[in-house]
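Notes for the structure review
Spelled out from the first residue to the last, the chains are:
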Amino acid sequence: MKQFVLTLLSAAFVAGSAVAQVATTPKALSGLKSTLPATRMSQRAGMATPLAKIGMANATGRMHVMADDETVTRSPKELSYQVTGNEINSYMGIGSTGLSLSTLQKAGITGIGYAAAFTAIVTDRFAGNKVGLINFVAWMGKYTDAKVFVGTMANDQGDINVLWSAPVTVKTPTPVKQNGKTVYQPQATSVVCDYVIPDTLKSELFIGWVAGGTAYDSNDPFVSQEGKPLGMIYYPDFTNTGYGAFMMGSTGNDDVFAVTMMSGQNYYYNAPIWVQTTGKGGLKTNDAAILAIDDARNFAGKNGEATVQLMSLGTDSISSIEYTVENGGATKTYTKSFAGEYGLQYMTTTQLALPMDMPATAGRSEAKFTITKVNGVADDYTAKTENEGPLPVIALPAEAYKRIPVVEELTSTACGWCPLGIAEFNRLADSTDAKKIVKVAVHGPFNRENDPLTCSDYSAFFNNFSSFLPSVLLNRQIRLAPENMLQACRYMNSLPCEASLTVKGNNGLAGPNISTIVKFNIDVPANQYALAYVLTEDGVSGVNQVNNFAAIKYMYTYQGQTGYKSYIEAWKKDPYLWALASATFNPKTATSKFDMNHVARAFTEAGANEAGILPALKAGEEWTNSYNLKWPKNLTPAVNKGNCSVAVYLVDASTGKIVTGCQTKLGETNTVDETMTGINDVTVANNAADAQISTVDGAFVVKAHNATAHVFDAQGRLVSSATVDGEVSLPTFGTGLFIIRVDQAGRSTTQKALF
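All figures in this text were calculated on a predicted structure; none of them were measured in a lab. (Residues numbered from 1 in each chain as written. Predicted model: local features only at pLDDT ≥ 70, side-chain atom pairs only at ≥ 80, totals over all residues. Heavy atoms only, no water.)

Next up on the list: helix H7 (residues 485-493). Of all nine residues making up H7, seven are buried, and the element is well covered by its neighbours. Among the residues of H7, those classed as buried are Met485, Leu486, Ala488, Cys489, Tyr491, Met492 and Asn493. (Buried < 20%, exposed > 50% of the residue type's maximum accessible area, 1.4 Å probe, protein only. Helix = DSSP H or I, 4+ residues; strand = E, 2+ residues; numbered from the N terminus.)

Have a look at this one:
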């Protein structure tokens, strides 16, 4: 069957990451009952602490060939997560991983190490080079049977296929006296490697080290802490890629596997690993690579946006790009400049809404998007074509339909913060028309604890996108926290789309029958769209849910833990959150009993049913589809058919995104066909002479001269206006989607924002 699911490129947009996540729980951990902190480090707040402040001797000039100078350009032959080439020297610190040796040993892990993973799009630049010299720095410990390795991910269990390895004696920090105090001098370990980097890699290249056995060093300050957590040397990941600090494990044999990725509270960290390659390959000066191209969807003849995910891979930061959009035999050229002192630095990934002109005539087409220049010159990297790709363009008529928000909330009864989704679904229900939104709670396991409400049909989707819980995927286009659900739904509903849906749910003996009518306002080709089908249930009662809100209230009220006072005071001001905190709480299990709504009970993905793949259709033509879901069996609690609803998603094959959706109770019919009104022409400032628009809480800030500015809500109603000659703040007087238009010297600059 053809699968109309999110492709890797589209998934990258949803995840907000340049690369798909690899498995970080190896088979060795599968039977471990205790909770692993996994991707959280316990470190001081803010940026990584400089060496002098954490009892480590300064390593400048010792660990790296480059000077400790922010202006120095990194070596083009170096494979690492450094941007300027001096981060390891300047920002290296130590922190607790939150994991103890005893915890790991219970899972059969006898030795640890660290590795950095480099995606194929990065290693392509070094193809043909020898890895050369692998350098790394380790924290205190007694490491035996250690080896340096180069490898790739072998499977989804985190196992590494080792391509090259060599034994190594791991150097650890040595105590020295500074100003009468004992500090620890980090030591770099270096190993020569003759492995040649190929240009055929399909997955990440892991470079690092691992020990067959690990024991504590008696001088390790972390040993004195409760639980004896392992320490780690790290430096901040200014690329924000998150692939530079994999904790590796071994069971004392020749095996190597990824245990977890380490990150901080607000950003990623890297393990101090850097590779000095040798050969003709290496980084170029001006190099931009397209990771993904999303569709452009707006009114015909208006200003549109091509959403493009771009990665900077040159030694020079990207300050500007020139790009073209070729469609219907016509090619238009545009430029985009990047604000900030440094532009887009090495390995920085950004998602851009690039201005473009929509076709004058409504319809669907495929344009060619190309980056033609980087920093005013042709891209220096030409070995592979990474600067162009197809761009789906959906030009809509003036009477376009409003897009229906489809909320897929990923949650688990074993997740203590997941009750937040219950509160936000309740807030959403009280603030919006239920018939104009699709709500689905997708349950799954958390920390290897099963969820009795898991829908097995939805498991593949849950596993792909449940890297943190709770989280929400909105139309499989935007990923957000539940507390942003309401505003994001209002924003989605303010956007135009090409289809309306009518859905009727009938209660059948074997399962619900779903009757769907689809109508487009443009001509569409065959096999471009498909339907997904969902059965949901409300009022699933008596479910035990781990509840951190009630736990904090319990500790504050009955255990005198006054440090939680600010939480309690904030929740009291929000009735939806206070209801969670006030729920009956069992301190022995840390759970409360809730009635769950919108629980996914059965699901058929788009494209899994041939009959749900749409044929070619003309504008205004109705297409009718009938599909039968099956009642799920052997569930506890059993499905109450009287509380069930059905939903249909219309999915775009090019991107895997949900264009629109419709949900209705069994025995009822729902039609979503509301058309757009108000302001449809949205432009983006792209010229130095344009007004500069930014946002603060509750207002637009405009910098311009001899200009007028007007703020409109999503329905086109004027909210505020002002004459601008300098800088002016224009309030929105509310939340939701707002649009500002600034008229200056015969030019109009328009920008939309979600408040």
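What follows continues from the structure just given.
With that out of the way, let us pick up the sheet that holds strand E22 (residues 330-337). With mixed pairing, five strands are arranged side by side in an open sheet as E19-E25-E24-E21-E22. The sheet is open, and its two borders are formed by strand E19 (296-299) and E22, each paired with just one other strand. Shown here is a sheet whose adjacent strand axes are inclined to one another by a mean of 30°, direction ignored. Pairing between E19 and strand E25 (residues 388-396): four bridges, direction parallel. Within E25, the residue paired with Ala296 across the bridge is Val393. (Pairing = 2+ DSSP bridges. Axes fitted to C-alpha atoms, helices over the stretch in contact; angles between N-to-C directions.)

Further remarks concern the nonpolar core. Membership of the largest hydrophobic core comes to 79 residues, with the highest contact counts inside it found for Val122, Ile134, Val150, Trp164, Phe206 and Met248. Per-element accounting of this core gives the leading share, six residues, to strand E3 (residues 111-118). For Ile134, the residues in contact, after removing those within four places along its chain, are Val148, Val150, Trp164, Thr189, Ser190, Val191, Cys193, Ile207, Trp274 and Val275. Core analysis: the second largest hydrophobic core is formed by 61 residues, Ile394, Leu410, Val438 and Leu650 among them. (Core = buried A, V, L, I, M, F, W, Y, C linked by side-chain atoms within 4.5 Å. Contact = heavy atoms within 4.5 Å.)

Further remarks concern the packing of aromatic side chains. This structure, assessed with the given rule, holds 23 aromatic pairs. Between Tyr81 and Phe118, the aromatic rings sit 5.2 Å apart at their centres with planes inclined by 15°, giving stacked as the arrangement. One end of the pair, Tyr81, is in the loop between strand E1 (78-79) and helix H2 (87-91); the other, Phe118, is in strand E3, and 37 residues separate them in sequence. Per residue, the accessibility class of Tyr81 equals that of Phe118, and both read buried. The interplanar angle of 15° and the centroid separation of 5.2 Å between the aromatic rings of Phe136 and Trp209 together place this pair among those described as stacked. One end of the pair, Phe136, is in strand E4 (residues 130-137); the other, Trp209, is in strand E11 (residues 205-210), with 73 residues separating them in the sequence. Through a chain of ring-to-ring contacts, three or more aromatic side chains come together here, namely Trp417, Phe549, Tyr564, Tyr567 and Trp571. A cation over an aromatic ring shows up here: Arg125 above the ring of Tyr381, its NZ or CZ 3.8 Å from the ring centre. (Phe/Tyr/Trp six-rings, centres within 6.5 Å; stacked < 30°, edge-to-face > 60°. Lys NZ or Arg CZ within 6 Å of the ring centre and 35° of its normal.)

The subject of this paragraph is the sheet that holds strand E33 (residues 513-520). Pairing is antiparallel across the open sheet formed by four strands, whose spatial order is E38-E33-E32-E41. Two strands bound the open sheet, and with one partner strand each, they are strand E38 (622-628) and strand E41 (669-672). Each neighbouring strand pair of the sheet contributes to a mean axis angle of 15°, computed without reference to strand direction. The sheet contact formed by E33 and E38 spans seven bridges and is antiparallel. For Ile514, the partnering residue across the bridge sits in E38 and is Tyr627.

Nothing here speaks to function; it is geometry throughout.
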